[in-house]
2 protein chains.
Amino acid sequence: MSEKEMLNAYKARLETYLDALPMTGAPDKLREAMRYSLLNGGKRLRGCLLLAANDLGGGDAEAALPFAAALEMIHAYSLIHDDLPAMDNDTLRRGKPTNHVVYGEALAILAGDALLTHAVEVMASSGHPQAFAALGEIIRAAGVGGMLAGQTLDVMNEGAEPDIALVQEIHQGKTAALLTAPVTAGLILAGAEKALVEAGRSYGYHLGMAFQIVDDLLDLEGDPALMGKTLGKDVEEGKLTWPACVGVAQARRDAEAHINQGVEALAPFGEKAAFLRALALSTLHRVQ
Amino acid sequence: MSEKEMLNAYKARLETYLDALPMTGAPDKLREAMRYSLLNGGKRLRGCLLLAANDLGGGDAEAALPFAAALEMIHAYSLIHDDLPAMDNDTLRRGKPTNHVVYGEALAILAGDALLTHAVEVMASSGHPQAFAALGEIIRAAGVGGMLAGQTLDVMNEGAEPDIALVQEIHQGKTAALLTAPVTAGLILAGAEKALVEAGRSYGYHLGMAFQIVDDLLDLEGDPALMGKTLGKDVEEGKLTWPACVGVAQARRDAEAHINQGVEALAPFGEKAAFLRALALSTLHRVQ
């Protein structure tokens, strides 16, 4: 199977699982708002990374699905809250109106809260023998030392002078944390030894940094029709971005350097890491 | 020790623990916003209930603190988001300006998200042998079949005709779920047998229902100076309340009936449950 076919196979399994999530007890309108953002045609990068890392470590593919789903729920919650009028005030995401535009702010806030809470509930109810360790890994990445640190610094520094150390901190928290956790949690679920989990952590970090630098570049230079969202928002909102600090040419080189380091980190896995290697390289192709 | 002294002792231990929470990695402003709402002089009913249930089951008091703290963090997050302009639009809580009034809406949304996430992180990092089961119990109570169901139905039915079945569902989710979980989780942490955990569940449910009915009555008849919050908001916002459905006199009787059933549920614990019994009875004294 080619890497593209593997990615599609992971994605298809995950979509089926997400679509079938019962969300037991949720009032209909809350379930509808949660599903609107959860099932909106995202790339499923976080979930597929977890499934791939779990495969790489020789874990049970079926048993890893609740954790892949949890990562997608956490990602969806962060986007709903990020899009709110009080935050980035975005009205369009992946070509569709954002959650609060469709359901109103109150329900959008609750749908975000509910996706975060349900992510934890699904992991806690999974019955996986490594559930507790994987849950801890994922929730720390989403927490005050991870994604929420990045979000806070991002929101607080709109309009600030370009500062590469600060942008590094924002990108690490906002993006790299939640691209690292799928790799480490996937390996933990598979029972991989600590050295391999740490190799996965390095890979995930570099992939995440490259991914966000490329995202910054695409916001400057991308095609809105292809991206399905409003572009040029970073500049408009005075967001701190990597190219704003180092220029476009250097930003491309930095993204490439991160990808190279990410690929190097995969060395302990040998040939078995072909998929993760290809995934990292494909990140760069988005701006080439 | 009297029940009042015991409650104060639980509260003091919990306050010390909450005040010392490192919230490692949180940007200063996020930590400040989290602490503003977490350390604002609340009654700590949920946390104290967990410590008392853990004591009742003979559990290690020190080891239960992270779970008592987690309940208080979940409660604080729900209040921050509930007070937002898009939700109840409250500007005063316990005599102080609400979180978004002080820190702005964006940071208030993030502080709420962060308190919920950190609650899970603290439980997942506790090292308690029963951590996973207790975490599951607490997160289900906070989830789409618990607190978030109640919040959603509450927000969606503002201005609706009084409907006792709907109010029952709202109060059960919004209040009783997060007063039940401390009791069941505390007993689980102590390693209590299943029949006792279920007795605790019945106690918590009736305590929670009584507590919310009393809260509805106080919003109608309480003293704003004593309560430290804006009163009469329920009527103003067209909230569905118990007295609006059945009248004030019947609401008092219903609260009393719930307390009696809660006290009965404690029978399997015998004399050891004196504290939980007294706590339930004190709920009624608020409106007597």
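Residue indices follow the written sequence of each chain, beginning from 1 at its first position. Following the order in which they are written, the chains are lettered starting with A and the ligands numbered starting with 1. Per-residue local features of the predicted model are confined to residues with pLDDT of at least 70, and side-chain atom pairs are confined, for both listing and counting, to 80 or more; whole-chain, interface and lining totals are unaffected and use all residues.

1. Remarks on the overall build of chain A
Next, step 1: Looking only at helices and strands, chain A has 15 helices and two strands in total.
Next, step 2: The exposure label follows from counting other C-beta atoms within 10 Å of a residue's C-beta, where the C-beta atoms are placed from the backbone and the thresholds are 20 or more for buried and 12 or fewer for exposed, leaving partly exposed in between. Taking all 288 residues of chain A together, 56% fall into the buried category.
Next, step 3: Expressed as a percentage of contacts within chain A between residues at least 6 apart in sequence, the contacts between residues at least 24 apart total 73%. Working definition: helices are DSSP H or I runs of at least four residues, strands are E runs of at least two. Numbering for both runs from the N terminus. Throughout, a pair of residues is in contact if the C-beta atoms placed from their backbones lie within 7 Å.

2. Section: unusual backbone geometry
All names here are of chain A.
Next, step 1: A positive phi angle, close to 65°, is found at arginine 44, a residue other than glycine.
Next, step 2: Along the polypeptide, arginine 44 turns up in the loop between helix 2 (28-38) and helix 3 (45-56).
Next, step 3: With a phi close to 50°, asparagine 89 is a non-glycine residue in the positive phi region.
Next, step 4: With respect to the helices and strands, asparagine 89 occurs in the loop between helix 4 (61-83) and strand 1 (92-93).
Next, step 5: For asparagine 89, a count of 13 C-beta atoms within 10 Å gives the class partly exposed.

3. Comments concerning the relation of the copies chain B and chain A
These two copies of the chain differ by a rotation about an axis and a displacement along the same axis.
Next, step 1: When chain B is brought onto chain A, the operation consists of a screw motion whose angular component is 180° and whose axial shift is 0.0 Å, with 0.0 Å RMSD remaining. Classification of the inter-copy transformation places it as that of a two-fold axis. Scanning chain B for the C-alpha nearest the rotation axis identifies phenylalanine 132 of chain B, at a separation of 3.2 Å. Least-squares fitting of one copy onto the other uses the C-alpha atoms of those residues that reach a pLDDT of at least 70 in both copies.

4. Quick word on the interface of chain B and chain A
Next, step 1: If you look at the interface, chain B gives 40 residues, while chain A gives 40 residues.
Next, step 2: Those elements that place two or more of their residues in the side of chain B that touches chain A are helix 2 (28-38), helix 6 (105-124), helix 7 (131-142) and helix 8 (147-156) of chain B.
Next, step 3: Ranked by the residues each element gives to the side of chain B that touches chain A, the list is headed by helix 6 of chain B, at 12 residues.
Next, step 4: Residue composition of the side of chain B that touches chain A, grouped by class: 24 nonpolar, 11 polar and five charged. Amino acids are sorted into nonpolar (Ala, Val, Leu, Ile, Met, Phe, Trp, Tyr, Cys and Pro), charged (Asp, Glu, Lys and Arg) and polar (every other residue, Gly among them).

5. Describing helix 2 of chain B
Next, step 1: Within helix 2 of chain B, the full set of buried residues consists of Leu30, Arg31, Ala33, Met34, Tyr36, Ser37 and Leu38 of chain B.
Next, step 2: Those residues of helix 2 of chain B that are buried lie in contact with helix 8 (147-156) of chain A together with helix 1 (3-20), helix 4 (61-83), helix 5 (99-103) and helix 6 of chain B.

6. Thoughts on helix 3 (residues 45-56) of chain B
Residues and elements named next belong to chain B.
Next, step 1: One less than the residue count of a helix, multiplied by 1.5 Å, gives the span that helix is expected to have. Across its 12 residues, helix 3 extends 16 Å between first and last C-alpha, which sits within 8% of the 16 Å expected from 1.5 Å per residue.
Next, step 2: Counting buried positions along helix 3 yields 11 of 12 residues, so the element is predominantly enclosed.
Next, step 3: Taken together, the buried positions of helix 3 are Leu45, Arg46, Gly47, Cys48, Leu49, Leu50, Leu51, Ala52, Ala53, Asn54 and Leu56.
Next, step 4: Buried residues belonging to helix 3 abut helix 1, helix 4, helix 9 (164-189), helix 10 (194-221) and helix 15 (274-285).
Next, step 5: One or two positions beyond helix 3, positive phi appears at glycine 58, with a value near 80°.

7. Quick word on the environment of histidine 118 of chain A
Next, step 1: Within the fold, histidine 118 of chain A resides in helix 6 (residues 105-124).
Next, step 2: For the pair histidine 118 of chain A and isoleucine 74 of chain A, spaced 44 residues apart in sequence, the C-alpha separation works out to 8.9 Å.
Next, step 3: Those residues within four positions of histidine 118 of chain A in sequence are excluded, and the remaining contacts are Met23 and Met73 of chain A together with Gly143 and Val144 of chain B.

8. Some words on the nonpolar core
Next, step 1: In this structure, Phe67, Ala111 and Ile138 of chain A together with Phe67, Ala111 and Ile138 of chain B are the most contacted members of the largest nonpolar core, which totals 198 residues.
Next, step 2: Residue contacts for phenylalanine 67 of chain B: discarding those within four places in its chain leaves Leu50, Met123, Ala134, Ile138, Ala185 and Leu189 of chain B. One nonpolar core equals one set of buried Ala, Val, Leu, Ile, Met, Phe, Trp, Tyr and Cys residues connected by C-beta atoms within 7 Å.

9. Focus on the packing of helix 7 (residues 131-142) of chain A against helix 9 (residues 164-189) of chain A
All names here are of chain A.
Next, step 1: Angles shown run from 0 to 180 degrees and are taken between the N-to-C directions of axes, each axis being a line fitted to C-alpha atoms and, for helices, limited to the stretch in contact. Contact pair helix 7 / helix 9: the axes reach a minimum separation of 9 Å and the direction vectors enclose 175°. Here helix 7 lies roughly antiparallel to helix 9, going by the angle between them. On helix 9, the residues that touch Ala133, Ala134, Glu137, Ile138, Ala141 and Ala142 of helix 7 are Ala177, Leu178, Thr180, Ala181, Thr184, Ala185, Ile188 and Leu189.
Next, step 2: Of the residues in the contact of helix 7 with helix 9, the class split is 11 nonpolar, two polar and one charged. An angle below 35 degrees is read as roughly parallel, one above 145 as roughly antiparallel, one from 65 to 115 as roughly perpendicular, and any other as oblique.

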